[in-house]
Structures are given as structure tokens and as C-alpha cells.
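Chain by chain, the residues run as shown.
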Protein chains: 2
Amino acid sequence: MVLLGLLSHEPMSGYDLKASIEQTVGQFWRESYGQIYPALKALEAQGCVRGEDQLQGGRRRRVYTLLEAGRARLRGWLAEPPESTSVRNELLLKVFFGRMTAPDVIRGHLQASLQQARQAVGHTDATVAMLQAEGADDPQLPYWLLTLDLGRRVAEARAEWAQHALAVLHAQEETGS
Amino acid sequence: MVLLGLLSHEPMSGYDLKASIEQTVGQFWRESYGQIYPALKALEAQGCVRGEDQLQGGRRRRVYTLLEAGRARLRGWLAEPPESTSVRNELLLKVFFGRMTAPDVIRGHLQASLQQARQAVGHTDATVAMLQAEGADDPQLPYWLLTLDLGRRVAEARAEWAQHALAVLHAQEETGS
DNA sequence: TGCACCATGTAATTAGTTACATGATTAC
DNA sequence: GTAATCATGTAACTAATTACATGGTGCA
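Residues numbered from 1 in each chain as written. Chains lettered and ligands numbered in written order. Predicted model: local features only at pLDDT ≥ 70, side-chain atom pairs only at ≥ 80, totals over all residues. Heavy atoms only, no water.

1. A look at the domain arrangement of chain A
Residue and element names in this part refer to chain A. Short version of the rule: Boundaries of every domain are those given by an automatic assignment or by a domain database. Defined here as a combined quantity, buried area equals the accessible surface (1.4 Å probe) lost by two parts on assembly, summed across both. Here a salt bridge means any side-chain nitrogen of Lys or Arg lying within 4 Å of a carboxyl oxygen belonging to Asp or Glu. N or O atoms closer than or at 3.5 Å make up a polar contact, with two conditions inside protein: a donor-capable atom paired with an acceptor-capable one, and, for residues adjacent in sequence, both atoms drawn from side chains. Each residue is assigned to one of three groups, with Ala, Val, Leu, Ile, Met, Phe, Trp, Tyr, Cys and Pro labelled nonpolar, Asp, Glu, Lys and Arg labelled charged, and all others, Gly among them, labelled polar.
The domains assigned to chain A are domain 1 (2-79) and domain 2 (90-174). Between domain 1 and domain 2, the buried area comes to about 400 Å², and carbon and sulfur atoms account for 49% of it. Of all residues in domain 1, Thr24, Gln27 and Phe28 bury the most surface against domain 2, accounting for 77% of the area lost on that side. In this assembly, domain 1 and domain 2 are joined by zero salt bridges. Between the two partners, domain 1 and domain 2, sit one residue pair in polar contact (both at pLDDT 80 or more). Taken together, the residues of the side of domain 1 that touches domain 2 sort by class into one nonpolar, three polar and no charged.

Here it is, written out as C-alpha cells:
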């Protein structure tokens, strides 16, 4: 579905799609070539996309175009209620079992997580600024900004939590538990 | 690792472990029987846990106890930097491709998401209250509360974002885009 | 000449869910 | 007696990553 969605913007190759996924929805969605190429073949067999080989010198590029059937399928999928996100957070699991190890171990993970979260906030701000500067007319833009906004809010929440958690663990050690 | 961690508290069966995972780390970690039972066998073969059959009437229960090798392995794992959480958020993907469908479709998803987030906040608050009432001495408690606190912060961020997103989409329709 | 990047694909492996099969116990 | 829950496991399937294999282009 992410392939159909991106192809609705412009025709692209599998390679382009991978790069495009990373640039646009990379914050909350990832795909590997091992899934993209077979999926494109399947979508072509189902009549959702059309693939055409382009030859530039000796280099072959197979560019896929979204067909009406694919557009319909994408709309159908968009209307379905989103499935619950697969939840797996190794950091939280390690924090949960924190009493099994030295306090420094968990604090180290929290420090790293704090830095990551701050970087994510900064990166999101930069992306928002760039997008607003260059493509003020793109009809996709408001939706893209919304996804970035959630990313930013969650990253901020994580940063604040990491600071709070560090403070709690510090205080706990003081009182000699 | 989640099995070793929970067994560090008390010996349990595979069935107990599944229930325990749901009650404690369920907000950010899930396992199915299809993984738990084979994993316990593997951990026993590696000497990390010891399994003993208990017979209560005609019902068999295989209770696993954490061994020193398992404890060491758990500590080793805790010291490793946590791997990046697998990110896949279908709601955000649908919001991102929102321009491909009617505004009401996305608003419906956002409304549902808002309700879910509010429920999560309430559920977390209830759990925190319950934990603080019953087990003020448990050495695991502070760590557990920290994981709940992140869950709450993230749920609140999601709720606020959903409201914001609904407002944005509403305004956008007004201005006739 | 060699490296980084463009470009496509397959195979092997691992991870994970779901469905199925079985049977005992407890509470209504 | 019958439904819910306790309890353990396997098999089939699906999803997903990683490694491998191949070869072209552009540039320093």
C-alpha cells in the first residue's frame, strides 16, 4: 500500500521507491528491497500498476505507473480502520527489568535515548522548515506536516520522559535503595 | 529475554508467562504461545532455565525456574544498547496519503485514535493508582512506574495531536482546498 | 583503477502469527 | 452439562530481514 501511495504522486522504480519511503514516511514506516521488488511484481500481476523498462545506456530501470485499479485499491485500504501498530520497545523492556542490573546501565540507555529524542525533534523542525519553504502549494503538504507533527510531539514526550526517568533514578540512588 | 526477566521475579509456567507479559509489559511488548513454548524449551536446552512438571490432579503444569546462567544472560542483554524499535504506524501512513480520499475518512480514523489515546491515559492512571496502593515496597515498582509514565506521556501526545489534526483538517475544508 | 552510487533481483534465514489439536478444572 | 478458563504444544503460513549475486555509471 505504501508503494501504491507513493506511485500516486509520480511513476517510480523500486529503487526510487525505497529512497522515497525513507525521505517521506521513514519516521514511521520502513521497507527493504527484499519486499519492494517482489511486491511490485505482485501488484503488476494484479493489474494495480504497470511496469515499463527504460534503458539509459546499458542501465535498465523498471518504472512503475499507478493504474486505476491500484488507485481504487489504495482508496479501499485508506477507508479501512488502521490496524494496531505493532508495539515492541526494547528500551522500555530494559527499563522495566532495571532492578536486575547496575543503575548506571539503565542511565546510560536513558542518556542515549534522550539524545536521540532531541535529535529527532531537531530533525523534524528542519524538515518542516524545508517543506514549508519549498512546496507551499503541494496538496500532499498538510498531511505530511501532520505526520511530522506527531513525530515531533512524541519525540518531545520521549525527551521529557528520559529526563524525568534520569532524575528519578538519581533520587532513588540518593535515598539508598 | 522477556521470559528470563519475568522468571527473575518468580518461577512460572508458559501460560503464566503469557498472562504476566500482558499485565506488566503488555503496553509495549507482546508474545504469542507459538513463541513462548518453543523459546522456553530452547532456554532449558541452553541451561538458562530449569523446567519441572507439576501435577495437580490430572492437570500438568510445567513450571520454569531461572538459573544462574539465565540471570547472567539477562544481565548481559540489559547492558547492550537497546535496538531501535520497529516503527510501523498504519494510522500515520493513512494520514500521509490522506489527500487520496475523502476528508471524512481520515477524520474518522483520527476520532477513533483520539478515543483510544484517551482510554490509554485513563487506563495508565488506573494502573499507577493500583500499583502505588498495593505494592509500595516492591523493588521493581519504580521501574514499572517509569515505563507506565512514558506510556502516559505518549498517549497524551497522541490525543493532543489527534485533536490538532482534526482542527487542521476542519480548517482546510473551510478554506476550500 | 577503484569507490560510491544506481539498479534489480533471488535465496536463505529468522521472526512471528494463527489455527489446530488435546484435555483437565471450575463456576454457574 | 456447558461455558470459561487453565494448560501445553505443533504445524502451517505469512512477514520481513539479510546476504548474496550481478552489472552499469560517474568521478577522482
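2. Some points on the sheet that holds strand β3 (residues 59-66) of chain A
Strands in a sheet are paired, the pairing made by backbone hydrogen bonds, and the direction either parallel or antiparallel. All names here are of chain A. As a reminder of what qualifies: The pairing criterion is simple: DSSP has to find at least two bridges between the two strands. The helix and strand labels rest on DSSP assignments: H or I over at least four residues marks a helix, E over at least two residues marks a strand, and numbering proceeds from the N terminus.
The three strands are arranged β1-β3-β2 in an open sheet whose pairing can be described as antiparallel. Strands with a single pairing partner mark the edges of an open sheet, and in this sheet they are β1 (12-13) and β2 (49-56). Relative to β3, β1 is paired through two bridges, and the arrangement is antiparallel. Within the sheet, the bridge partner assigned to Ser13 lies in β3 and is Val63.

3. Re helix α4 (residues 68-79) of chain B
Residues separated by three or four positions in an α-helix point in the same direction, a consequence of the helix having 3.6 residues per turn. For clarity, the threshold we go by: Expected helix span is computed as 1.5 Å times (number of residues minus one). Classification of residues uses two cut-offs on accessible area relative to the type maximum, computed with a 1.4 Å probe and protein chains only: under 20% is buried, over 50% is exposed, and between them is partly exposed. Along the arc lie the directions from the helix axis toward the C-beta atoms. We call two residues in contact whenever any of their non-hydrogen atoms come within 4.5 Å of each other.
Over its 12 residues, α4(B) runs 17 Å from end to end, which matches the ideal 16 Å to within 8%, given 1.5 Å per residue. For α4(B), every residue scored as buried is listed here: B:Gly70, B:Leu74, B:Trp77 and B:Leu78. When α4(B) is viewed along its axis, its buried side chains cluster within an angular range of 100 degrees and face the same direction. Elements in contact with the buried residues of α4(B): α5 (90-96) and α6 (103-134) of chain A together with α1 (2-7) and β3 (59-66) of chain B.

4. Points about the packing of helix α2 (residues 14-24) of chain B against helix α3 (residues 33-45) of chain B
Residues and elements named next belong to chain B. Applied cut-off: Here an axis means a line fitted to C-alpha atoms, over the contact stretch when the element is a helix, while the angle between two N-to-C directions is reported on a 0 to 180 degree scale. Oblique is the label for any angle not covered by the other classes, which are roughly parallel (under 35 degrees), roughly antiparallel (over 145) and roughly perpendicular (65 to 115). A crossing counts as left-handed when the near helix is turned anticlockwise from the far one by less than a right angle, and as right-handed when that turn is clockwise.
Running from N to C, α2 and α3 cross one another at 130 degrees; their axes reach a closest spacing of 10 Å. When the axis of α2 is compared with that of α3, the two are oblique. In terms of crossing hand, the pair formed by α2 and α3 is right-handed. Every residue of α3 that contacts α2 at Gly14, Tyr15, Leu17, Lys18 and Ile21 is listed here: Tyr33, Ile36, Tyr37 and Leu40. When the residues that make up the contact of α2 with α3 are grouped by side-chain class, the tally is seven nonpolar, one polar and one charged.

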